[in-house]
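Next come the chains, spelled out residue by residue.
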Amino acid sequence: MMRVNAMGDACPIPVVKTKNAIQSLGEAGGMVETLVDNEIAVQNLMKMAQQKGYSVKSEKLGAGRFQVVMTVGPGAVEDSGLAECCIAPVSEGRNVVAAISSGTMGTGAEELGRTLLKGFLYALSQQDQLPRTILFYNGGASITCEGSASLEDLKSMEAQGVEILTCGTCLDFYGLKDQLRVGEVTNMYTIAEKLTGADLVVKP
């Protein structure tokens, strides 16, 4: 049995860790045990297993301690390309563009919004098909700059061919032009061109 320790990990990290563990099982399949510390993570893992057709069971081991065990049959593991340097290809079909216009995701508590956006960008970096371009403008310009909690995820996607573009006017307005740490500076014409030419625009 392969064991995954996701205690203390925020969504979507427990699911990503478990998917990677399952992938490492190969065609022979096997069992993966994941430990988490909250019921939301349990529900997310159960849903993922059900969607993939894996046998799954969960158990509460104690206060803030849960176990989820998935059984993957031989040949059930799909080849997602992770075996080759863990690189997910940039989408070769649809031209998918992600547009980040704020330092938070959604409306409501700002701290929660920052946590959600960080989780979204991490989850985006773990997709089987990556977007071709990620645009950052207005408050989103800070996400590509020094001190951002998402820099490593963005650098990982850039290394895999994803175009990371940040609005130059926005960097100037917020005094961040010298703090850009990933991707390139762009202008509103290019942003409009990327958005209007996209097959799908993802805006969290």
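Conventions we followed
- Residues numbered from 1 in each chain as written.
- Predicted model: local features only at pLDDT ≥ 70, side-chain atom pairs only at ≥ 80, totals over all residues.
- Heavy atoms only, no water.
- Helix = DSSP H or I, 4+ residues; strand = E, 2+ residues; numbered from the N terminus.
- Contact = heavy atoms within 4.5 Å.
- Areas by Shrake-Rupley, 256 points an atom, 1.4 Å probe, with all protein chains shown as cover.
- Lys, Arg positive; Asp, Glu negative; His and termini not counted.
- Charge placed at Lys NZ, Arg CZ, Asp CG, Glu CD.
- Phe/Tyr/Trp six-rings, centres within 6.5 Å; stacked < 30°, edge-to-face > 60°.
- Buried < 20%, exposed > 50% of the residue type's maximum accessible area, 1.4 Å probe, protein only.
- Salt bridge = Lys/Arg side-chain N within 4 Å of Asp/Glu carboxyl O.

(A) Highlighting the overall build of the chain. The helix and strand tally for the chain stands at six helices and nine strands. Viewed in the frame of its principal axes, the chain has a C-alpha envelope of about 50 × 40 × 25 Å. Taking all contacts inside the chain whose residues are at least 6 apart in sequence as the whole, residues at least 24 apart take part in 70%. For the chain, the accessible surface area stands at approximately 11000 Å², while carbon and sulfur atoms represent 51% of it. Looking at the chain, you have 17 positive and 23 negative side-chain charges, and the mean spots of the two groups are 5 Å apart.

(B) Fine view of the packing of aromatic side chains. For the coordinates displayed, the defined rule picks out one aromatic pair. Residues F173 and Y174 carry aromatic rings whose centres are separated by 5.1 Å and whose planes lie at 85° to one another, so their mutual orientation is edge-to-face. Looking at Y174, the relative accessible area reads 39%, which means it is partly exposed.

(C) Region of the structure containing the pattern of salt bridges. Under the defined criterion, the tally for this structure stands at five salt bridges. R181 is the partner of E146 in a salt bridge, and the nearest nitrogen-oxygen pair spans 2.7 Å. Of the two residues, E146 is situated in the loop between β6 (133-136) and α4 (151-159) and R181 in the loop between α5 (168-173) and β8 (184-186); the sequence distance between them amounts to 35 residues. The exposure class assigned to R181 is partly exposed, which follows from its relative accessible area of 37%. With its nearest N and O atoms 2.9 Å apart, the salt bridge here joins E163 to K194. With E163 in strand β7 (residues 163-167) and K194 in helix α6 (residues 188-196), the pair connects residues that are 31 residues apart, well separated along the chain. Using a relative accessible area of 29% as the deciding quantity, one classes E163 as partly exposed.

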